[in-house]
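# Understanding the architecture of this molecule
This is what each chain is made of:
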Amino acid sequence: MQENIFKINEKEYIMPGSRACQGCGLTLAYRYLLKALRENTILTIPASCLCVLHGLYPITPVTVPCLNTTFASTAASASGIAAGLAALNKPDITVVAMAGDGSTYDMGIQSLSGAAERNTDFIYICYDNEGYMNTGTQRSSATPLGAMTTTTPINTKQDQKKDLVKIMEAHDLPYLATTSPAYPIDLYEKFVKAKRIKGTRYMHIYSPCPPGWMYPTKDTIRIGKLAVETGMVILFEIEDGRLRLTGRSKTMASKGKKQPIIQYVERQGRFKKMSIEQLNTLQAWVDRRWDDYLRRAEG
Amino acid sequence: MAAYPITPQASLSEILSRYVEGGELKAEYVRVEGEHSAMTVCISASTVGARVFTATSSNGLLYMHEQLHWAAGSRLPIVMCCVNRGVGAPWSIFNDQQDSVSQRDTGWIQIYCRDNQEIIDTIIQAYRIAEQVYIPVMVCYDGFVLSHTMMPVHIPDHEQVRRFLPPYKPHTILSPEDPRTINSVLFPWRRENPQGVLCDGYMEMRYKLQAAFETARTVIADTNRAFAESFGRDHGGLIWTYMTDDAELVMTGMGSIAAEAVAATDMLRAEGIKAGVVGIRVFRPFPKDDVVRAFSRAHAILAFEKAISYGYEGALCSDLKAALYGTGVNAPIHNYVAGLGGRDVKPRELAEAGRNAVALLEGQTMKNETRWLNCYTG
Ligand SMILES: Cc1ncc(C[n+]2csc(CCOP(=O)(O)OP(=O)(O)O)c2C)c(N)n1
Ligand code: SF4
């Protein structure tokens, strides 16, 4: 993909006054993806940081129409919007569901899987900040091994992160992509592409979160980049079953280099209780996944 | 339209599928993966401006519980059939009304039907009511007793229904033409919008829902009247009555059990007992003034219910007592829990309860206790 900052839609869809934290990765991602989706978009969101970002009634900083829904029902809500628009013969609106990892990986997986199986015409976005941040940084099934959360306060999380992207891949979707606000052009271009495709499109955004991950707010981009450079996060897209690495992950693949995960882990307070065994297990997990994606990647 | 199959609602979701696939019904049918999603689809489709329908029973209704509140809080005119069935555990596929009665406080209008003709007519009325007051309507009818029995039914004419039911106008529409965030977070207090206008807080919104329920009583009665004028069938507005003019013993209930009470009344009348029936057609909004009028001459009231509020009595009985309190209607109310999990309720059993009540009337004081009809209690 050609990185070109001048191509990006100049219009802003989030006005000043969002209620998200300083340095929030989600907010950055949201800003760029709304630019890519442009006008004629309807959003639906569950309880989450994103819901808080949208502000308190009767004021919102977001200029895109948005329907709040309950925690487990984001994808079903998008199904309803899509069905309603189809019944009213309004086919040109892009329907977008966007939820955190908590509602996507955990309670919302049923409605997401259902909507994806029906190939509902919508874009589902999971912004993955690896925990229930809105309710105070509790563990979700997206929290990585060894991370401290408010519900794994002493022993840290004992289980690996669930590979939801693989689960979504098993739904045989027309388009699936992973991306990160640390690479806004990668993110932007994937959303421009997703908008053009019909059917269920799944977008996974790794969204660094300063208070939840316990790093200084100025480091969001740095942490986001380290996640990719250590192979914790792999940037790719799958279109019609063909997997392609993109952006930094693609250049890493051709140069064959990735950094040890300690580079990523040591900069975040959430990993401060991680044991050496956990670190080694996590490194082995990352290496295995990286090799797996290298093998599968085409062109 | 979205539905998820559950006995005894299942045949409804199957037949609607056939209508849609066969092109007889112009609709988008979303075959969701569960009832929580079925109600969500209805909520969101209604928010973009479509008219919606779903149906469920029992555990399916309970699985929707969170979304029932969400639908009412969003003030959406959703219409849903609840084909009443007992609730597990243990499993029972058979009829009682614990499912919908336990959802009484979710902010839905609840209408209970007593025969198949009333079901189809009430669904049409339900849209007209819901779309005037912006409250979702649950049309309840007894599983198997009504859902799996047949009677000749007049299918209302398409054009006539169209005339009776003007197109749906949403109060707020989710559209890129007028972007807004719907159902965002609220603080406990009222808050100004950017133009300086003080807007509702959570509590004002709740008050408005309650106020709409107050208005709904008139709307329901008017809708029934208008329906009777157009279609020639009058099912009663909030309540219906049978031989209550001179009745001393008045039986009451919701749905098919009230229809059984009509047969019991005929038996009692044949024995010279002045019996009558008040059928509670609308449970929410509770027809408080109507019941006071209907029971004003009663010497004894028998409330038969296919549900119970555990730890107290039937919810209908409590509501009746509350409505009569301080009105001068002091007839003793005998509460009977009946027909749970499909236990057969026969008119002669209701008549027997009536005879006992008459015997009790002779100078004895009433004990405030709930009796279990046709149930082995040890
Ligand atoms: C049924 C239900 N259970 C629990 C909650 C409480 N809740 C609100 S937001 C949230 C966590 C959100 O986590 P995530 O989806 O990861 O989004 P984030 O807050 O990280 O943006 C939870 C548990 C809820 N709203 N609804
Ligand atoms: S808690 Fe994290 S994800 Fe939520 S608003 Fe703050 S920075 Fe963003």
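Let me begin by describing the structure that accompanies this report. In this text the structure is predicted, and so the values were computed from the model without any measurement. (Residues numbered from 1 in each chain as written. Chains lettered and ligands numbered in written order. Predicted model: local features only at pLDDT ≥ 70, side-chain atom pairs only at ≥ 80, totals over all residues. Heavy atoms only, no water.)

### Re the side chain of Thr94(A)
Residue and element names in this part refer to chain A. Its location among the elements puts threonine 94 in strand β3 (residues 94–100). Threonine 94 gets classed as buried once you look at its relative accessible area, which sits at 9%. Ignoring sequence-local partners within four residues, the contact set of threonine 94 consists of Asn40, Thr41, Ile42, Ile123 and Lys195. (Helix = DSSP H or I, 4+ residues; strand = E, 2+ residues; numbered from the N terminus. Buried < 20%, exposed > 50% of the residue type's maximum accessible area, 1.4 Å probe, protein only. Contact = heavy atoms within 4.5 Å.)

### Looking at the interface of chain B and chain A
Across the boundary between the two partners, chain B contributes 40 residues, which contact 41 residues of chain A. At the boundary of chain B with chain A, total buried surface from both sides reaches about 3,200 Å², with 66% on carbon and sulfur atoms. Inspection of the region where chain B meets chain A yields 1 salt bridge. In this structure, the connection of chain B to chain A is made through 12 residue pairs in polar contact (both at pLDDT 80 or more). Among the elements of the structure, α2 (35–47), α4 (65–73), β5 (181–182) and β6 (191–192) of chain B are those that each provide at least two residues to the side of chain B that touches chain A. Of the residues forming the side of chain B that touches chain A, the biggest block, 7 residues, is contributed by α2(B). Counted by class, the side of chain B that touches chain A contains 18 nonpolar, 13 polar and 9 charged residues. Where strand β2 (residues 66–68) of chain A lies against β5(B), 2 bridges are found, and the strand directions are parallel. (Buried area = accessible area lost by both parts, 1.4 Å probe. Salt bridge = Lys/Arg side-chain N within 4 Å of Asp/Glu carboxyl O. Polar contact = N/O pair within 3.5 Å; in protein donor to acceptor, adjacent residues only side chain to side chain. Nonpolar A, V, L, I, M, F, W, Y, C, P; charged D, E, K, R; others polar. Pairing = 2+ DSSP bridges.)

### Points about the site of ligand 2
Within the structure, ligand 2 sits among Ala20(A), Cys21(A), Cys24(A), Cys49(A), Asn129(A), Met133(A), Cys209(A), Pro210(A) and Pro211(A). The residue inventory of the shell around ligand 2, partitioned by class, reads 8 nonpolar, 1 polar and no charged. (Near = heavy atom within 4 Å.)

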